[in-house]
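# Descriptive analysis of the structure
One-letter residues, chain by chain:
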Amino acid sequence: MSTSTDERADEARLEQLLEEQFEAVVARHERIEPRDWMPEGYRRTLVRQIAQHAHSEIIGMQPEGRWLTRAPSLRRKAVLLAKVQDEAGHGLYLYSACETLGVSRAELTEMLIDGRQKYSSIFNYPTLSYADVGTIGWLVDGAAICNQVPLCRTSYGPYGRAMIRVCKEESFHQRQGYELLMTMMAGTDEQRAMVQESVDRFWWPALMMFGPPDDASPNTARSLAWGIKRNTNDELRQKFVDMTVPQAERLGVTLPDPDLRWDEERGAHDFGQPDWDELTRVISGAGPCNAERIAHRRRAHEDGAWVREAASAFARATKEPGRDRAQVEQASGSSLRDPEGRVETP
Ligand code: FAQ
């Protein structure tokens, strides 16, 4: 054998060894960390899913955000503001988790804006009444919790750890939505009608959040084998329905599904199927608000360009030999610190 053939054989043996090691870690339900070897398909699947998840959190600020200026009281406004800001934080943890896989946040944002990466279908529906703020908290954050609690045990360390904090906050979001709807249901007939109308619009899109049915889900089998997903789309959809039906009864709203009933034998609810063609349309860009959501995101990205440029210039300047942060701040006149280093109030 020539040297190069030897080298190729060595590389193949090494690759096989690394792959066996990776499979063993996944089989023991332990974590894969950023510096560990991983198959390229595993890395690509994670980038796809985590990026899509991050984009959903960021785009997901828009439907509720438009109600910030019209919240009916200071208390409601403060709660909604905190909730929308939490979503921004979730996006940032997730972009950071994705960056550990070798792709930058700038690249991810470009891929979202030019349509190469997706975000959750649910955020392409409009928020037409204030009750939608409650319904999003109850149903959309409720669905997000069902999907994300198992992801705390996902095989990729940075993603699983981000999910732990995200789930705690989503849990608060779900309760604030339910509490808002409870308050409205205890109000006037008009308010009760608003809640029912909102639930009628969001029920089916919420079920679609879990993705296509298992027999039409191209990624599930591979993602389960790699421990990225811990449950199938249909398993999580079922869990969501079983969790939500008693909550709807307590609330006093009717879920808009004539086929919804308890199946004694299965110990679970039977329910109707969403319009899967609608999901396909929304995912492929033809939902009611797709164009508006991306246009808004693109505008925000362009408007923020000067901040990114200033931050990069500052970071570059502080790395120049012999210059520290204080000197750069002083030279650029940007310092808000007094000579003793205390922050000045402008
Ligand atoms: N929307 O083979 P599968 C939140 C795509 S929570 C858009 O089953 P997979 C919190 C899928 O990407 C919402 N696209 O795919 C919040 C794939 O396309 P691709 C975000 C969808 O990945 C609340 C194709 O269809 N949560 O934001 C959807 O195994 C309130 C085939 O599907 C997450 O992202 C959909 N609904 O399973 C924020 C959770 N469903 O890329 C603000 C993490 C499927 O091959 C306010 N993600 N697709 O071209 C997941 O668990 C999975 O990615 C699934 C999809 C379950 C979403």
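Preceding this section is the structure that the text describes.
Figured I'd write up the structure that's included with this text. (Residues numbered from 1 in each chain as written. Predicted model: local features only at pLDDT ≥ 70, side-chain atom pairs only at ≥ 80, totals over all residues. Heavy atoms only, no water.)

### Focus on empty space enclosed by the protein
Under the definition given, this model contains 1 cavity of 30 Å³ or more. Every residue lining the largest cavity is listed: R76, V79, L80, Y130, V133, Q176 and L180. When contributions to the lining of the largest cavity are tallied by element, the ones reaching two or more residues are α4 (74-99) and α7 (157-185). Looking at the lining of the largest cavity element by element, the count peaks at 3 residues for α4. A class-by-class count of the residues in the lining of the largest cavity yields 5 nonpolar, 1 polar and 1 charged. (1 Å grid on protein atoms, 1.4 Å probe; cavity = no way out; pocket = protein on both sides within 12 Å on 5 of 7 lines; lining within 4 Å. Points joined across faces, edges and corners; volume = space filled by probe spheres on them. Helix = DSSP H or I, 4+ residues; strand = E, 2+ residues; numbered from the N terminus. Nonpolar A, V, L, I, M, F, W, Y, C, P; charged D, E, K, R; others polar.)

### Structural notes on the layout of surface pockets
Approximately 1,000 Å³ is the volume attributed to the largest pocket. Along the walls of the largest pocket sit 46 residues, with Q52, N147, M209, F210 and G211 positioned nearest its centre. Only α2 (40-59), α4, α6 (131-148), α7, α9 (220-225), α10 (233-251) and α11 (276-286) provide two or more residues apiece to the lining of the largest pocket. In terms of residue class, the lining of the largest pocket is made up of 18 nonpolar, 17 polar and 11 charged.

### Points about the site of the ligand
Of all residues adjacent to the ligand, which total 34 residues, the nearest are Q52, K118, S217, K229 and N233. Between the ligand and K118, the relevant distance is 2.4 Å, taken from an oxygen atom to a side-chain nitrogen or oxygen of the residue. Within the backbone of M208, a nitrogen or oxygen atom sits 3.3 Å from a nitrogen atom of the ligand. For the ligand, whose free accessible area comes to 1,100 Å², the fraction covered by protein is 91%. Every element with two or more residues in the shell around the ligand is listed here: α2, α4, α6 and α7. By residue number, the principal contributor to the shell around the ligand is α2, which donates 6 residues. Residue classes in the shell around the ligand are distributed as 12 nonpolar, 13 polar and 9 charged. (Near = heavy atom within 4 Å. Polar contact = N/O pair within 3.5 Å; in protein donor to acceptor, adjacent residues only side chain to side chain. Areas by Shrake-Rupley, 256 points an atom, 1.4 Å probe, with all protein chains shown as cover.)

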